[in-house]
Amino acid sequence: MSVFKPVKLTEHVYWVGAIDWTIRDFHGYTTKRGSTYNAYLILADKITLVDTVKAPFREELLARVSELVDPKRIDYIVSNHSEMDHSGCLREVIEEVRPEKVFASVMGCKALKEHFRIDRELIPVKDGDEISLGNLTLAFTETRMLHWPDSMFSYLKEEKLLFSQDAFGMHLATSERFIDEIDQSVVDYEAATYYANILLPYSQLIIGLLDKVEKAGIPIEIIAPDHGPVWRRDLGRILSLYRKWAEQKPTNKAVVLYQTMWHSTELMAQAIQEGLREGGTNVKMMTIGPFHRSDVAYEILDAGALVAGSSTLNNNMLPAMADVLTYLKGLKPKNLIGAAFGSYGWSGESAGQVQEHLSAMKVDLASEPVKAKYVPDDEVLKACYELGRAISARLGAMV
Ligand code: FEO
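Residues numbered from 1 in each chain as written. Predicted model: local features only at pLDDT ≥ 70, side-chain atom pairs only at ≥ 80, totals over all residues. Heavy atoms only, no water.

**Some words on the layout of surface pockets**
Line of reasoning, step 1. A volume near 280 Å³ is recorded for the largest pocket.
Line of reasoning, step 2. Contributing to the lining of the largest pocket are 15 residues, with Met261, Thr312, Tyr344, Gly345 and Trp346 lying nearest its centre.
Line of reasoning, step 3. Elements with a minimum of two residues in the lining of the largest pocket: strand 20 (312–313) and strand 22 (337–344).
Line of reasoning, step 4. Within the lining of the largest pocket, the residues separate by chemical class into six nonpolar, nine polar and no charged. (1 Å grid on protein atoms, 1.4 Å probe; cavity = no way out; pocket = protein on both sides within 12 Å on 5 of 7 lines; lining within 4 Å. Points joined across faces, edges and corners; volume = space filled by probe spheres on them. Helix = DSSP H or I, 4+ residues; strand = E, 2+ residues; numbered from the N terminus. Nonpolar A, V, L, I, M, F, W, Y, C, P; charged D, E, K, R; others polar.)

Structure representation (structure tokens):
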């Protein structure tokens, strides 16, 4: 008996993906609850596999397919996204299944050839193209840079089902295959964490895509992403959350992010926190270590301010702070105000370096860096407190 069963989503579509219960690091993003690599089988006249799975999970995929049909009966394969977690076993699956046709976007065909040296024709599809599966129709929408140049959505018209590749996904390994079977707070946390760590840099494109779907009036009843459970109820909620996260409107919340050697930078962070709090701002204090870079990304998603500080070590900020700031810079958060701070012994470069990272993130700086030599005295702590009050006042005026 196979332990790998498919799950029916609609009359013709089955989930046939794989569950990765143990993965905890997804290219730098900590995946505390594991993940899934979703693939879908459409039992149409032309049997179609949408996406594959990460290479080590190929047998799990084929075992689930085999519960429904002999994999050799698959006529078409559609690759919505060429990143390895969805295409890592594509070449082997093509060799085993020998499908009549393999479809991908124009950039997808190129990327798949470059990744896997696939020695057969791949058929490019463009934005708005449709293919007939006999009794059903699959339509394609290019979603370039959401989040790779090759990315596209596939839409099964007759069942109003959107295969959304990475979008609307989450890293969550569960026995349940539908969102509405899972605790809402877990869904909200994991969906937001995924957005913050994967999709945040592409927020402007997401707003454009949401507008396009809305304007076209495309009816969607199910969203089947490439990670995590499937959305089949109250789709308006996740669509409006995506719009909110993409817009990143200012909020009255500040993240105070710091790393400290001998508690001097920490004392400064505490004084800033007091200023923010007494000004009426919600504050999330985050010291690196207890908090991972992907936790910080999650908190930044709905923050209006980022105040960051580090002690100086060997003429530099502390290495873990550089790690987190480099990561955040790549995520390109918007609409933040903030400032840098930090303690030092004799050279004192760290606060300026932190400020450079904030500037590169286009954080609207509320002041020059606040520094403390060795241990902050009352004057420095007052300056930190006043910095917190000033940022709080500015946030209060914006929201
Ligand atoms: Fe889940 Fe961009 O791959």
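**Description of helix 12 (residues 378–398)**
Line of reasoning, step 1. Look at helix 12: 30 Å from first C-alpha to last across 21 residues, which is about the 30 Å you get at 1.5 Å a residue.
Line of reasoning, step 2. Turning to helix 12, the residues buried within the fold contact strand 17 (253–259), helix 8 (264–278), strand 19 (305–310), strand 22 and strand 24 (370–373). (Expected span 1.5 Å × (residues − 1). Contact = heavy atoms within 4.5 Å.)

**Structural notes on the nonpolar core**
Line of reasoning, step 1. In this structure, Tyr242, Leu257 and Leu328 are the most contacted members of the largest nonpolar core, which totals 86 residues.
Line of reasoning, step 2. The element contributing the most residues to this core is helix 5 (residues 184–199), with nine residues.
Line of reasoning, step 3. Split by domain, this core shows at least three residues from each of two domains, domain 1 (7–247) and domain 2 (253–394).
Line of reasoning, step 4. When sequence neighbours within four positions are dropped, the list of residues in contact with Leu328 reads Leu257, Val296, Ala297, Ile300, Leu306, Pro333 and Met361. (Core = buried A, V, L, I, M, F, W, Y, C linked by side-chain atoms within 4.5 Å. Buried < 20%, exposed > 50% of the residue type's maximum accessible area, 1.4 Å probe, protein only. Domains from an automatic or database assignment.)

**So, the pattern of salt bridges**
Line of reasoning, step 1. With the rule as written, the count across this model stands at 25 salt bridges.
Line of reasoning, step 2. Among the salt bridges present, the one from Arg237 reaches Asp188, with a minimum N-O distance of 2.9 Å. Note that Arg237 is positioned in helix 7 (residues 235–247) and Asp188 in helix 5, a separation of 49 residues in sequence.
Line of reasoning, step 3. For Asp188, a relative accessible area of 24% puts it in the partly exposed group.
Line of reasoning, step 4. One connected set of salt bridges, linked through shared partners, spans Asp180, Glu181, Arg232 and Arg233. (Salt bridge = Lys/Arg side-chain N within 4 Å of Asp/Glu carboxyl O.)

**So, the pairing of strand 24**
Line of reasoning, step 1. A one-sided burial pattern is seen for strand 24, the buried positions being Val370 and Ala372 and the unburied ones Lys371 and Lys373.
Line of reasoning, step 2. For strand 22 and strand 24, the ladder comprises four bridges, and the chain directions are parallel. Across the sheet, the residue bridging to Phe341 is Val370, located in strand 24. (Pairing = 2+ DSSP bridges.)

**Considering empty space enclosed by the protein**
Summary: where empty space remains is shown by rolling a probe the size of a single water molecule over the atoms.
Line of reasoning, step 1. Throughout the structure, instances matching the rule amount to three cavities of 30 Å³ or more.
Line of reasoning, step 2. Taken as a whole, the largest cavity spans an internal volume of roughly 110 Å³.
Line of reasoning, step 3. Together, 13 residues line the largest cavity, and Phe153, Phe168, Leu209, Leu210 and Val213 are the ones closest to its centre.
Line of reasoning, step 4. Within the residue set of the lining of the largest cavity, elements represented by two or more residues are helix 6 (203–216) and helix 7.
Line of reasoning, step 5. The greatest single-element share of the lining of the largest cavity, amounting to four residues, is contributed by helix 6.

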